[in-house]
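Residue-level structural notes
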Amino acid sequence: MLPRCPPFPLNRSGPGGGSTPCAPERSIGLAPQLKATTGGVSIGTRVLPWGSRPGPAGGAYHRRMPTIDAGTADEFVAAVRSFVQRDVLPVASDLEHADAYPDQLVEQLASFGLFGALIPEEYGGLGLDVATYARVVEELAAGWMSLTGVLNTHLIAATLIHRYGQDDQRRRLLPRMATGEVRGGLSLSESDAGSDTRSLRCQAVPDGDEYVLSGTKMWVTNGERSRVLALAARAPEGITCFIVEKEPGLRSGGIEVTRKIDKLGYRGIETVEMTYRDHRVPASAVLGGTGPGGGLGQGLAQILGGLELGRVNVAARGVGVARAAFEAAIGYAQQRETFGMPIARHQAIAFKLADMALRVEAARLLTRSAAERLDRGERADIEAGMAKLYASEAAFENATESMRIHGGYGYTTDAPVERYYRDAPLLMIGEGTNEIQRMVIARGLLERYAPGT
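Reference entry: report on the structure contained in this document. Please read all numbers here as calculations on a predicted model, not as lab measurements. (Residues numbered from 1 in each chain as written. Predicted model: local features only at pLDDT ≥ 70, side-chain atom pairs only at ≥ 80, totals over all residues. Heavy atoms only, no water.)

1. Brief notes about the side chain of Glu383
Applicable threshold: Helical segments are the DSSP runs of H or I of at least four residues, strand segments are the runs of E of at least two, and each set is numbered from the N terminus. Working rule for contacts: check all heavy atoms of both residues, and any pair within 4.5 Å makes them a contact.
Summarising the element assignment, Glu383 is placed in helix 8 (residues 381-406). Setting aside residues up to four positions removed in sequence, Glu383 forms contacts with Ser369, Ala370, Arg373 and Arg448.

Shown next, in the form of structure tokens:
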């Protein structure tokens, strides 16, 4: 249990590299007053100065993003870890096996302010740097990976609105998204357009000052409970991103949740098929507007830029699952005895444990590298792809090795190992398959190391 601490301001490292104390007169609460009730920690009022607006679709930002003081970040991450240990682990397996949505846990995420983790302070969010956010995701995934999915697509949608949206969209939506009152989602993939995003068939037909949306989307996380969806649809100018507002539930206007998709793992969180039947949205729903230099025809570039953040999230999930599988294995291996000694002392098992620990550390470092590159305002498609690729494979390999170390016990639902084994494969598929990641990495490397550059 962490000691209870008095409120204190968050220190930030600004564009000049120095520590910038928070201005008390501009301080806000982190949901509110950043009270991390999970471990008894109260991280008090703080301010996140100047959230810079990211720019090009390739993922670069206009300015370096400020970073949180290391001590503050450590304490916040420790509070999340305490929450996971106390409130998540005791119920995760039961909720997961029942495929039950974790309403109470999600409300606790909201009380932490995590729905506003990457939303700037000026819109009521925490404005965490991506490196700290990745550490938070690791802790949540180590407890129950499904919780991280509630946040991921929500924050991708919020990032797209902040990065490319018009002032009205940002002022109206981001404060409510920061509290979790408005949940966000990403509506990109279709049954015949997953990795091949340019094959999207969902149509956006202009009709006066409105667009009529028609098509079916797959694999929509938060689809039923969301109030805002970042939707990719084909307009006359090309693939365009629309910020679609709706009411939570199975039907809203011309939008219908037509199927809940049952899954091997990643249970307890909704994954749905959504159908748009002549659903009308105002032209102002176009992300970036319809005027010159606006968002018409720019949707794919915008969303793919936002997926850099999603890939860091998936990489951090991989670190969390890989770590949980390793910790379960090394704990069990020191208790289970064969031939008069703990199995951890047998070289065959000891070598497995060494490799598992290596994967965790390597995956964490790759994830940190990608996150810090985003925080520096640099393009990170290569680094995010590397992190997502390696960490997801590490999670799957560690889950498999953990099950082998646990033997028959690992194959039962009495231990969480079987859940790691079912959750891990999603990470190799979601946010772009690992085969696509290799293409992204190779293409980026050839561009970065082109002769004469």
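Anyway, onward from the coordinates.
2. Brief notes about the packing of helix 4 (residues 146-164) against helix 5 (residues 167-179)
Test applied: Orientation is described by axes fitted as lines to C-alpha atoms, over the contacting stretch for helices, and by angles from 0 to 180 degrees between their N-to-C directions. Reported orientations rely on four angle classes, namely roughly parallel under 35 degrees, roughly antiparallel over 145, roughly perpendicular from 65 to 115, and oblique for the rest. Each crossing is labelled by how the near helix is turned from the far one, with a counterclockwise turn of less than a right angle marking it left-handed and a clockwise turn marking it right-handed. Three classes are used: nonpolar for Ala, Val, Leu, Ile, Met, Phe, Trp, Tyr, Cys and Pro, charged for Asp, Glu, Lys and Arg, and polar for all others, with Gly counted as polar.
It is at 10 Å that the axes of helix 4 and helix 5 come closest, and there the two elements cross at 155°. It follows from the interaxial angle that helix 4 and helix 5 lie roughly antiparallel. Crossing geometry of helix 4 relative to helix 5 is assigned as left-handed. Facing helix 4, whose interface residues are His154, Ala157, Ala158, Ile161 and His162, helix 5 presents Gln169, Arg170, Leu173, Leu174 and Met177. In terms of residue class, the contact of helix 4 with helix 5 is built from six nonpolar, three polar and one charged.

3. A few points about the pairing of strand 10 (residues 238-245)
On any regular strand, side chains alternate: one points to one face of the sheet, the next to the other face. As a reminder, the rule being used: Whether a residue is buried, partly exposed or exposed follows from its accessible area with a 1.4 Å probe, protein chains only, as a fraction of its type maximum: under 20%, in between, or over 50%, in that order. Following DSSP output, two strands are said to pair if at least two bridges run between them.
The element strand 10 is largely enclosed, with a buried count of seven among its eight residues. Pairing of strand 9 (residues 228-235) with strand 10 involves eight bridges; the strand directions are antiparallel. Residue pairing for strand 10: Val228 is matched across the bridge by Glu245. Linking strand 9 back to strand 10 in an antiparallel pair, the connection comprises two residues.

4. Focus on unusual backbone geometry
Generally, phi is negative for residues other than glycine and the peptide bonds are trans, each holding for most cases. Phi is positive for Tyr266, close to 55°, though the residue is something other than glycine. Inspection of the secondary structure assignment puts Tyr266 in the loop between strand 12 (255-260) and strand 13 (271-282). Positive phi, normally seen in glycine, also occurs at Phe339, with a value near 55°. Position of Phe339 among the secondary structure elements: in the loop between strand 14 (337-338) and strand 15 (341-342).

5. Thoughts on the pattern of salt bridges
Keep this limit in mind: Think of a salt bridge as a Lys or Arg side-chain nitrogen and an Asp or Glu carboxyl oxygen that are within 4 Å of each other.
Under the criterion given, the structure shown has 36 salt bridges. Between Glu138 and Arg364 there is a salt bridge, and its shortest N-O distance comes to 2.7 Å. Of this pair, Glu138 sits in helix 3 (residues 130-143) while Arg364 sits in helix 7 (residues 347-375), and the two are 226 residues apart along the sequence. Across the pair, Arg364 and Glu138 agree in class, each one buried.

6. Concerning the pairing of strand 7 (residues 203-207)
Two elements, strand 7 and strand 8 (residues 210-221), share five bridges in a ladder whose sense is antiparallel. Across the sheet, Val205 pairs through a bridge with Val212, a residue of strand 8. Counting the residues between successive antiparallel strands, the hairpin from strand 7 to strand 8 contains two residues, one of them, Gly208, with a positive phi of roughly 65°.

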